[in-house]
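Residues per chain are reported as follows:
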Amino acid sequence: MPSELTVTVPPARAAVDPGTPPPARTHRSLLIALAAAWLIPAAAYPLHLTWLLPPLVLLATASLLRGGRTLLDRLLLGALLLVGTTTVAGLLFTVWPWGLHPVAVNGAALTALTLIAAATGRRPTLPRPGWTDLLPIIAAAATVGYLAQPWLRAGTLAGRLSLLALGEDNFRHVALVDAIGRLGGYAFLDPAGSRDHIVSLLARYPQGWHLTTALLDTQLRSATGTPSGVSSLTHYGWWCLATFGLLTLTLFWAAQRLPGPLHPLHRGVLTIVVGALVLGSQMPRLLIAGYPSEVLGLALAVALAALVVRPLAGNREQLVLLAALLIGIGFTYYLFLPPAGLLVLGWLIAHRRELSQIRRTLLAVGLVTALLAPLPLLVGVLGDSQTEALDAKAGPELAEAWRALLGLTPIVLIALVIQARRADRAWRRHLAAVLVAVGFALAIALANVLTGVQPAYYFMKGTHLATGLLIVGTAALVRLLPVPSGADRRDRIRAAAPAVLAAALAVLTVVTLCGLTGWRGSLLVVDKQSWTWLLVQHNVDKPSRVARVCAAAYRRHPVQQGTVTVVLDRTAYRGYAESICLSALQASTAQTEQAIYLPVFEEPERTRKIMRETSGPIRLLVSDPAAQGRVDSLLTRYPELRSRVTTVPMIIKY
């Protein structure tokens, strides 16, 4: 009798597994989920609620990940994974008939997530939030909130334009986001169709940030296309701040991920140190000068380094994330692709034995990455010869690049070498990552020297990646601080005093050296004022002349199709900057390209070239008496121009 029980009972229990739903129920649930993937976006669009869909897609993505221990790990990795996959999906969005329509994009995204969940058998789950999640989030929000102060104060068009005019590249990025929104996809896939929307020099520029921004903007507005005029500039400014916030959050997260378990006192010190270095270095200049693509590429590269330094537990998930980050870097700012590729290659070699067990996954992911990651680089190099930009000259900020490199590298490297003696291999990996980033920047400098020029613009860009990883590496310094020792309740304060005093001294030193105490500038910045101070204290109530002239021209003189409109001012550069600003506001950058992007920046030769070499009707908005005198003299000299040149006086006093 006992033998019969042992034979019959176990199969009966095995057949009834409460954790495994019956096949019919599983199929029914899958069909319901697939239907909901399209019904939810279809219902949200007419109700103007599509702004809820990106958070929904993010939560769904994060809930299917298994790497990382905390809720912040899942959410940040999910966001970065979505950025990388969105840049690739942009290839599909460009060729399918729906463009960036919120229903099509979100329906496809939710469908893909549903199928992935069904194929992997993963059910949505997220870790519980913890206090360690809050520190990076609060610190990043405080940093971006502080930098957003001038945007909050700018109540007029001229005030907003004065912020964007701090870096002329801002106006070109505005135009490219607008063009991608109008085209419904990448401009470099349709050079002929993009000629009416964007200047030719941007047609093959890496456009991952611009497509992602245009896509998210359609979700925010529950509408297709792009906003025009003032709205386009306002939206652009906030998306730039959001991108910088992602970079800041990634730096805080990577710095706290590097040391592993950390005492709460050290965690607080590390948060302040990283924040001080972000605000006291060249990082805010990326926001001021108009480098959103570099900011996003830098965030992806720092996250990639963090995953190489402290990998996820699952090799398949690690592979997919590294591939998405590499592709995202290639589509947003491919200058960082070589060092990022070296870091991934090092991880592949170090884990070759484990990866041999998933050869098919490795081969498939590797093939897709090898084909897609260098695609924008090949398009730019072969189509536009963009390698010539490696010799581009840098401004006075070049000295700040050397300061960051020579000032931070020795200190952080010494601390990393000390920490590398520990059993935790993450310290040695981060030491190698820093050496790769610093070596990459120096390699660009050497290439400049060998071609007969001084280390220039892209050397400075290379130092930004090195600076980011050095900021993360300050965790090695903080880890050297003493830890409050355990003691009886009566002696707890006395035992903790040395550690607290050392932490306070470290914070005060770093904050002072970074210029955040106010009595001196940052040692990492050349000028007396830091870039953060320059932005936050910018007087939006007294806009620059470029901003005032551009705002006045936009209000008084709407765009005229078929007519090239150019602003002329006393100096060539002012007229150039005002014309770029106006063309971005009027979405006429392609129409005005031949009159704005001239190799001459001296007057009266520039005005002569504008009037004689621009084909078709020309409208000259003259904002200065000296410019009016140049135009009158040239019209007298070349009377045949009077038939197609219209002069509109728009004198604005200084």
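Residues numbered from 1 in each chain as written. Predicted model: local features only at pLDDT ≥ 70, side-chain atom pairs only at ≥ 80, totals over all residues. Heavy atoms only, no water.

Participant: Describe the pairing of strand E3 (residues 645–649), with residues and values.
Facilitator: Relative to E3, strand E2 (residues 618–622) runs parallel, the two sharing five bridges. Bridged to Val622 within E3 is Pro649. Taking the sense of rotation as the criterion, the β-α-β connection linking E2, helix H30 (residues 625–637) and E3 turns out right-handed. (Pairing = 2+ DSSP bridges. Helix = DSSP H or I, 4+ residues; strand = E, 2+ residues; numbered from the N terminus. Right-handed = clockwise from strand over helix to strand, strands pointing away.)

Participant: Outline the packing of helix H8 (residues 157–164) against helix H26 (residues 545–556), listing residues and values.
Facilitator: Axis separation between H8 and H26 bottoms out at 8 Å; the angle between their running directions is 130°. In terms of axis orientation, H8 runs oblique to H26. In this structure, H8 crosses over H26, and the sense of that crossing is right-handed. In this structure, H8 contributes Leu157, Ala158, Leu161 and Ser162 to the contact, and H26 contributes Ala547, Cys550, Ala551 and Tyr554. Of the residues contributing to the contact of H8 with H26, the split by class is seven nonpolar, one polar and no charged. (Axes fitted to C-alpha atoms, helices over the stretch in contact; angles between N-to-C directions. Parallel < 35°, antiparallel > 145°, perpendicular 65-115°, else oblique. Left-handed = near helix turned anticlockwise from the far one by under 90°. Contact = heavy atoms within 4.5 Å. Nonpolar A, V, L, I, M, F, W, Y, C, P; charged D, E, K, R; others polar.)

Participant: A description of unusual backbone geometry should follow, citing residues and the corresponding values.
Facilitator: Trans peptide bonds make up most of the peptide bonds, and negative phi angles are found at most residues other than glycine. Residues Glu603 and Pro604 are joined by a peptide bond in cis, for which omega reads 5°. Positive phi, close to 60°, is recorded for His48, a residue that is not glycine. Its place among the elements puts His48 in the loop between helix H2 (23–44) and helix H3 (53–64). Take His48: its relative accessible area is 53%, and that puts it in the exposed class. One non-glycine residue, Ala587, lies in the positive phi region at around 55°. For Ala587, a relative accessible area of 32% puts it in the partly exposed group. (Buried < 20%, exposed > 50% of the residue type's maximum accessible area, 1.4 Å probe, protein only.)

Participant: Break down the sheet that holds E2 for me, with residues and values.
Facilitator: A sheet is described by the order of its strands in space; here three strands give the open sequence E1-E2-E3, paired in parallel fashion. The outermost strands of the open sheet, each flanked by one partner alone, are strand E1 (564–568) and E3. Taking the axes of each pair of neighbouring strands and ignoring which way they run, one obtains an average angle of 20° across the sheet. In the packing of helix H27 (residues 572–585) onto the sheet, contacts are made with E1 and E2, and the angle to E1 comes to roughly 140°.

Participant: An account of the confidence of the model for the protein is requested, with residue identities and associated values reported.
Facilitator: Confidence along the protein averages 89 in pLDDT terms, with 91% of residues attaining 70 or more. Counted against residues more than four places away or in other chains, residues 1–19, with its pLDDT under 50, gives two contacts. (pLDDT = per-residue confidence, 0-100.)

Participant: A description of the packing of aromatic side chains should follow, citing residues and the corresponding values.
Facilitator: Applying the stated criterion across every chain yields a total of twelve aromatic pairs. With 5.3 Å between their ring centres and 40° between their planes, Phe93 and Trp96 make a pair best called tilted. For Trp96, a relative accessible area of 14% gives the class buried. Taking 5.8 Å as the distance between ring centres and 35° as the angle between the ring planes, the aromatic pair formed by Tyr186 and Phe331 counts as tilted. Of this pair, Tyr186 sits in the loop between helix H9 (169–183) and helix H10 (191–194) while Phe331 sits in helix H16 (residues 315–332); the two residues are 145 residues apart in sequence, bridging distant segments of the chain. (Phe/Tyr/Trp six-rings, centres within 6.5 Å; stacked < 30°, edge-to-face > 60°.)

Participant: So what's going on with helix H15 (residues 292–309)? Residues and values would help.
Facilitator: For H15, with 18 residues, the first-to-last C-alpha span of 26 Å sits near the 26 Å given by 1.5 Å per residue. Most of H15 is tucked away, with 18 of its 18 residues classed as buried. (Expected span 1.5 Å × (residues − 1).)

Participant: Lay out the environment of Arg74 with the relevant residues and their values.
Facilitator: Tracing the backbone shows Arg74 in helix H4 (residues 71–95). Under the relative-accessibility criterion, Arg74 is labelled buried at 8%. Linking Arg74 and Pro127, residues 53 residues apart in sequence, is a C-alpha distance of 8.2 Å. Sequence-distant contacts of Arg74, defined by excluding residues within four places in its chain, comprise Ala62, Leu65, Arg66, Gly67, Gly68, Thr125, Leu126 and Pro127.

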